[in-house]
Structure formats: structure tokens, C-alpha cells
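# Examining the three-dimensional arrangement
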Amino acid sequence: MEMSKLNLSILFLIQLAVVAYGQGLSPYFYQKSCPNLEKIVRQTMRDFINRAPSLAGPLLRMHFHDCFVRGCDGSVLLNSTKGKAAEKDAPPNLTLRAYHVIDAVKLAVEKRCPNLVSCADILALVARDAVSMMNGPSWKVPLGRRDGRISRSNDALNNLPAPTFNFAQLKAAFASKGLNVKDLVVLSGGHTIGVSHCSSFEERLYNFTGKGDTDPSMDQNYIATLKKKCKAGDTTTIVEMDPGSAKAFDISYFSVVSKRRGLFQSDSALLTNTQTKNYVMQHLSNPSGTSSFFSDFVESMIKMSLIISCAKADLQMNFYAKNCPKAEKIVQDYVQKHIPNAPSLAAALIRMHFHDCFVRGCDASVLLNFTSSSGNQTEKVAVPNQTVRGFGFIDGIKSLLEAECPGVVSCADIIALAARDAIVFTGGPFWRVPTGRRDGRISNATEALNNIPPPSSNLSSLQTFFSSKGLDLKDLVVLSGAHTIGVSHCPSFTTRLYNFSGIIGNQDPSLDTEYAANLKSNKCKTRNDTKTIVEMDPGSFRTFDLSYYKLLLKRRGLFQSDASLTTSSTTLSIINQILKGSLKNFYAEFALSMEKMGRIQVKTGSAGEIRKQCAFVN
């Protein structure tokens, strides 16, 4: 592809991306306020790269590590403070370097354009120039980011894909940032420049499965070569990721991977999926492979640079302290008055909160009714939400709040607070609910169908669903613990009893046979029963306790999604840890995961609106 055509396609891509992400980013953001910005960055960068071209790889990697944690907000650059370890000091970032380059560029920019250009934008520009100065492609960088104020070591640990990841884990990690399988293989091509410490791949050479063996997916001759460089326990030696071509941005990395000589397990994983393997191989036989890869790399880099944070820092405790000081008390009193008469609503409300947050974030879009003017069916009518209830309960709270403080408290905050308080008043755990969410204006049934994990999900699907929302495997197991209360309609699981794998009369072998027989004879007597409801935690469905996890180990979870939690050593280990610990410990873990879920893609500031009626946009 000619570079002129490439630049036109890139500009078109940027225009689409800016509209899609709604962040107001533009390559021309500083055109008036700091017109020489890119020239200043490039000149400063050239001085460093000319002296030390090995800095290019680390600077590209730094941008990647920044964007994958809290979005592209420069949070990776913040230093730790007393008692608060920043991203910089998380294990995945301990080998990051070249911070001094960013500092030098920032200093040069500040001299010409003080207090105008964010560190996040500088990092994005530096990464672009690092690639182009190694004979790679260049592109117009969308600009206008603001720097984040929060940097936590644990966030980096939970969000950065490890070099030991398999394909499923990599796919989930990228999907959680809005990146697809093609982006995964294309951005992995950035390994064509740079080096790695032996410690990042040592297990593949000396102790792959814990038995002193080597990784069979790596070329054995290459293993012998690497062993000469990396002795067991070596933490200082560095190795080129693309041997012989580590200082040139080209497609030779894909040749290395095809020969089973990728340094990391995550490199080898690209050969285990048909789509990524085909991409690797096509560039080896394609005469225009370099220009094709360059075009794809630019597209994926721009896409990555537009990642925004799923965990907004704008939520805060007691958000309504000044403009509606009685807000949380009104919610609490309403819940306390009505839940004793209908304790089953507690499970319904927490489910509503879950279904709301998993679709467009926690913005009360699940509450919106269909209107002819909207032109589409809302989330409420989607199959996963047809058994959701409690809408009238939320409307009752909203009416009281509107009488007290008109147009102040969002429906999204009401759901979050009501779900928490309902659980508390049924004897369950308490958790912090930061408030300040705003209500969304869009609700689409198809999005609910695509984003809410069905009860028939296997573990891989569940992990993908949760990762896409910034939640990990532990969150998955812990939040599934909410099934200790509540009921389910038969259609959610009767396939396991009567029609498993699409075969009439077939029963799910992972379901305890005695329990299955009991369900068939006493509860769901036919596979067409749509009215009968069944306790998810028989004998304990009104008590928030650990008995749900005991049922899982007895193979008596109602749903396939429940049964899937015992199919992985990781999730099974989490279940056993929960059962070995105290109820108090589980409550603490549940509280952390609920607060984390309650922050998914929230709208704050001027985004969205404060609905006057929860079922309709203003």
C-alpha cells in the first residue's frame, strides 16, 4: 500500500474512532495552543534514539502498559507514595524503562507550551515516534487526553496480559479493552523491536510444568541456544525478542513465531488459533507483507490509544451530601420498610444491578421502557431480562427522591444503593457504594443479549464476559456466590435435565443424578414448564451464606454456569479457599467485587442525564 493511501485511510479511521468513542480526541487538538508540539517531541526523541536505539521497544511497551490499565491516562508514570504502591511498582512493570525519556520530552514541551499538554498525550506521541524512528510506520495520533490521578499496583497486576498467557487468556484480556483477535496478533508484532529479561520466559527452558521440563511448543534447538544465555535463576541477562532484527521494525517477528522461536508463551499462543496463525503465515508469503502489516499496526495502535477507563474516578462516597443529604437515608428506609414483606426482592435487585452494569455500564439503561420514538426494543424485553423484576420497587424510591430533591439523584445510583441495602436487610454483607453515576439515554435489547452471560455459559465464555467488564476470575467466583439467595424459572436449566447437547432425553453428566431426578419429579416435570420456580440454594435461599459453594462441590448448582466453576483448577481453588475461610472473609471479598462491578463504565460529570422517571429519558 502506498504511504499516501495509507495516511488517507488512517485519517478516515481516526474520524470514525473519535465519533465512536466520543472522547473529543483529534490529531489537531493542540494546533492552536501548541502548534509545534509534534516537532518538539520528535526532536527530543531523535536525540535519545540516535544514541540508544534500544529505547524504542521499551517506550512502545510503556504506552501499551499505560493504556491497558485505567485507559491511556499516563497513570503508569506516577510514582508510588507512602503506603500506596503505584502501577510502576507492579511486577509486570518492574522491567519497564525509559521514564527519563518521557521526563525529558515533557520538560521540552513545558518550556514552549506550559500547562497545556498531558503526559498521556506525550506518551502516545513518543510511542509513535519510537516506531517510526526504527523504520516502522508513522501515523496521526489522536490527542486531547487528560492525565489520571490514580495509579494502583493491583490494577496493573489484574489488567496486563502476562507473557505466560494462553490464547483464551490473551483474547479475554484484549476483549476487555475493546480490542479483537486481529488487534491481538497485530500488536504482538511490536515484539519485532526490543528485548526481554530471561526471567520472563525461564520456565519454558527449565521448569515448564513444575517437573524440570521444557516447553514442547518451543523449538528445541532454540531452547538449547537460550540456555547458553539464560542460566536458571538469571534475572539480569536480556535477550532480543526478534533475534538479528531487534533494532528494525519489520515483519521478521512473524517469521520467528512461525518457527516456534517466540520467546514467550503468549507468542507461541498465536499459533494455537486459526485466525492468528493465518495472520502470522500470510505475512511470510505475501510480497507486500510489510506494508500490509504496517497498515494493520497503525489501525490497531490508534484503536488501542483510544482505550478509556472502565473504572471512573469521579464516583465518591456521600456524593449527595450537599445537594440531597437525605438521599441515601430515603433509599435505606424504603428498603427497610418493604424487604421484610418480600425478602425475595433482595435477589431480584442484585440481579437487576448486575444486568444493568453488564450492558453499557451501570447507567440504569435496564430500566428504560420501549417508546415508538426510540425505534428499538430496550434491554427490558431482551430474553435475559424477561424474568428480571423489581422495577416498581425502584420507581417507588425514585418518586420519594424526586419529591425531596427534584432532578438530583440518578436512577443508576438508586439501583446500586437499593441492591446493597436489600442484601444487608436480609442478613447479607454491607459494601461501600460510591455515588455520582448518571443515567444513560440508550437501551438496546440486542446489547443485553450479547453482554449478559447466559446460564448455559461454560467457564471460557464466562471469563470472556467478565474480562470484558474489567472483572477477573476471582470476581466471577465471588459474585456467583449471590446465587445463595433467590430462585430461577425452570427454562433456565431444563436443557440440563431433558435435552442436553441437543439430544432428547439426554441429561447433563456434570449434574448430580439424584438431584436431577428430584428436579424432574418434584419441580420441573416437563421441559416446557415455564412457570415453576426453583431455589438456587435449596434450603438456604433466603440466607446469604456459603452453602451455594458446598452445592457446587456436590455437583448441584442449577446452571451450567454454576457447574463450570468447578472445571478449572483456579476457580476450584478459589471455591475451596472461600469454604475454608470464614463467612466474614467471604463478605469482605464479595464487597470488593460488588464495588468493582458498580464502577463499570459509569457515566459521570456531564455525560448522560438525571432521569425524572426511571423508565423514560427526559
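Procedures and definitions
Residue indices follow the written sequence of each chain, beginning from 1 at its first position. In keeping with the model being predicted, local features are shown solely for residues with a pLDDT of at least 70 and side-chain atom pairs are shown and tallied solely at 80 or more, while totals for entire chains, interfaces and linings include all residues. Water and hydrogen atoms were dropped before computing side-chain values, which therefore reflect all heavy atoms in the structure. The helix and strand labels rest on DSSP assignments: H or I over at least four residues marks a helix, E over at least two residues marks a strand, and numbering proceeds from the N terminus. Both definitions apply: the radius of gyration is a C-alpha atom measure, and the globule rule equals 2.2 Å times residues to the power 0.38. A 1.4 Å probe rolled over the protein chains alone gives each residue an accessible area, and that area as a share of the maximum for its type sets the label: buried under 20%, exposed over 50%, partly exposed in between. Pairs of N or O atoms within 3.5 Å make up the polar contacts considered here, provided that, within protein, one atom can donate a hydrogen while the other can accept it, and that residues adjacent in sequence are counted only when both atoms are side-chain atoms. Two residues form a contact once any of their heavy atoms are found within 4.5 Å. Remark: nonpolar core denotes a set of buried residues (Ala, Val, Leu, Ile, Met, Phe, Trp, Tyr, Cys) joined through side-chain atoms within 4.5 Å. Axis definition: a line fitted to C-alpha atoms, over the contacting stretch in the case of helices. Angles run 0 to 180 degrees between N-to-C directions. The cut-offs work like this: below 35 degrees is roughly parallel, past 145 is roughly antiparallel, 65 to 115 is roughly perpendicular, and the gaps in between are oblique. Each helix crossing is assigned a hand: it is left-handed if the near helix lies turned anticlockwise from the far helix by less than a right angle, otherwise right-handed if that turn is clockwise. In this count, Pro and Cys sit with the nonpolar residues alongside Ala, Val, Leu, Ile, Met, Phe, Trp and Tyr, while Asp, Glu, Lys and Arg are called charged and the others, Gly among them, polar. Here, the term disulfide refers to a pair of cysteine sulfur atoms separated by no more than 2.5 Å. Within this document, salt bridges are pairs made up of a side-chain nitrogen of Lys or Arg and a carboxyl oxygen of Asp or Glu, the two lying within 4 Å of each other. As used here, the arc is the angular range of directions from the helix axis to the C-beta atoms.

Once that is clear, we can look at the overall build of the protein. When its secondary structure is counted, the protein shows 27 helices and four strands. Relative to the 2.2 N^0.38 estimate, which gives 25 Å for 618 residues, the radius of gyration of the protein is 26 Å and therefore close to what a compact globule would have. With the principal axes as the frame, the protein shows a C-alpha extent of 75 × 60 × 50 Å. The buried share among the 618 residues of the protein stands at 51%.

This part takes up unusual backbone geometry. A positive phi is found at Arg260, a non-glycine position, where the angle reads about 65°. On the secondary structure map, Arg260 appears in the loop between helix H11 (252-258) and helix H12 (265-268). Backbone geometry at Ala364 places phi at a positive 65°, although glycine is not the residue there. Residue position: Ala364 is located in the loop between helix H16 (345-357) and helix H17 (391-404).

Attention now moves to the side chain of Ser365. Tracing the chain through its elements places Ser365 in the loop between H16 and H17. Judged by its relative accessible area of 0%, Ser365 falls in the buried class. A polar atom in the side chain of Ser365 sits 2.6 Å from the side chain of Glu379. Residues contacting Ser365, with those up to four places away along its chain left out, are Asp356, Val359, Arg360, Glu379, Ile442, Ser443 and Arg611.

As a further point, take the nonpolar core. In this structure, Leu37, Met45, Leu59, Phe249, Phe293, Phe297 and Met304 are the most contacted members of the largest nonpolar core, which totals 75 residues. Ignoring any residue separated from it by four or fewer positions in sequence, one finds Leu37 in contact with Tyr30, Val109, Val117, Leu125 and Leu143. Listed in part, the 73 residues of the second largest apolar core include Leu459, Leu479, Phe544 and Val602.

Moving on, we come to the packing of H17 against helix H18 (residues 411-424). Following both chains from N to C, one finds H17 and H18 inclined at 120°, their axes separated by 10 Å at the closest point. Relative to H18, the element H17 is oriented oblique. Of the two elements, H17 crosses H18, and the hand of that crossing is right-handed. In this structure, H17 uses Ile394, Ile397, Lys398 and Leu401 to contact H18, whose residues at the interface are Cys411, Ile414, Ile415 and Ala418. Per-class residue counts for the contact of H17 with H18 are seven nonpolar, no polar and one charged.

Right, let's talk about the packing of helix H2 (residues 37-51) against helix H5 (residues 119-132) for a bit. Two numbers describe how H2 lies on H5: the axes approach to 10 Å, and their chain directions differ by 55°. Classified by the angle their axes make, H2 and H5 are oblique. Remark: the crossing between H2 and H5 carries right-handed chirality. Of the residues in H5, those in contact with Leu37, Glu38, Val41, Arg42 and Met45 of H2 are Leu125, Val126, Arg128, Asp129 and Ala130. In terms of residue class, the contact of H2 with H5 is made up of six nonpolar, no polar and four charged.

This part takes up the state of the cysteines. This structure, assessed with the given rule, holds seven disulfides. Residue pairing for Cys198: its cysteine sulfur links by disulfide to Cys230, the two sulfurs lying 2.0 Å apart. Of note, the bridge from Cys198 to Cys230 carries an S-S torsion of about -65° and is left-handed in sense. Residue Cys198 is located in the loop between strand E1 (195-197) and helix H9 (202-206), and its partner Cys230 is located in the loop between helix H10 (220-229) and strand E2 (238-240); the two are separated by 32 residues in the primary sequence.

Before going further, it helps to examine the pattern of salt bridges. Per the stated rule, a full pass over the model turns up 26 salt bridges. For the salt bridge of Arg261 with Asp219, the shortest nitrogen-to-oxygen distance reads 3.2 Å. Of the two residues, Arg261 is situated in the loop between H11 and H12 and Asp219 in the loop between H9 and H10; the sequence distance between them amounts to 42 residues. Arg261 sits in the partly exposed class, given a relative accessible area of 33%. As a salt-bridge pair, Lys603 and Asp363 come within 3.1 Å of each other at their nearest N and O atoms. Here Lys603 is found in the segment after helix H27 (583-597), whereas its partner Asp363 is found in the loop between H16 and H17, with 240 residues between them in sequence. Salt bridges here are not isolated pairs; linked through shared partners, they connect Glu38, Arg42, Arg128 and Asp129.

Counted residue by residue, helix H21 (residues 473-480) has seven buried out of eight residues, so it is predominantly covered. When we look at burial in H21, the residues that qualify are Leu473, Asp475, Leu476, Val477, Val478, Leu479 and Ser480. N-cap assignment for H21: the residue whose side-chain oxygen lies 3.1 Å from the backbone N of Lys474 is Asp472.

With respect to the helices and strands, Asp47 occurs in helix H2. A relative accessible area of 44% means that Asp47 is categorised as partly exposed. As a C-alpha pair, Asp47 and Cys405 span 358 residues in sequence and 59 Å in three-dimensional space.

Bringing H10 into the picture now. Of all the residues in H10, the buried ones are Tyr222, Ile223 and Leu226. Looking down the long axis of H10, one finds its buried residues gathered within 105° of arc, a one-sided arrangement. Exposed and oriented more than 90 degrees from the buried face of H10 are Asn221 and Lys228. Those residues of H10 that are buried are in contact with H9 and E2. Sitting at the amino-terminal end of H10 is Asp219, which places a side-chain oxygen 3.3 Å from the backbone nitrogen of Asn221.

Before going further, it helps to spend a moment on the environment of Met301. With respect to the helices, strands and loops of the structure, Met301 is situated in helix H14 (residues 289-305). Along the primary structure Met301 and Ala127 are separated by 174 residues, whereas in three dimensions their C-alpha atoms are 9.6 Å apart. Residues within four places of Met301 in sequence aside, it is in contact with Leu60, His63, Trp139 and Leu187.

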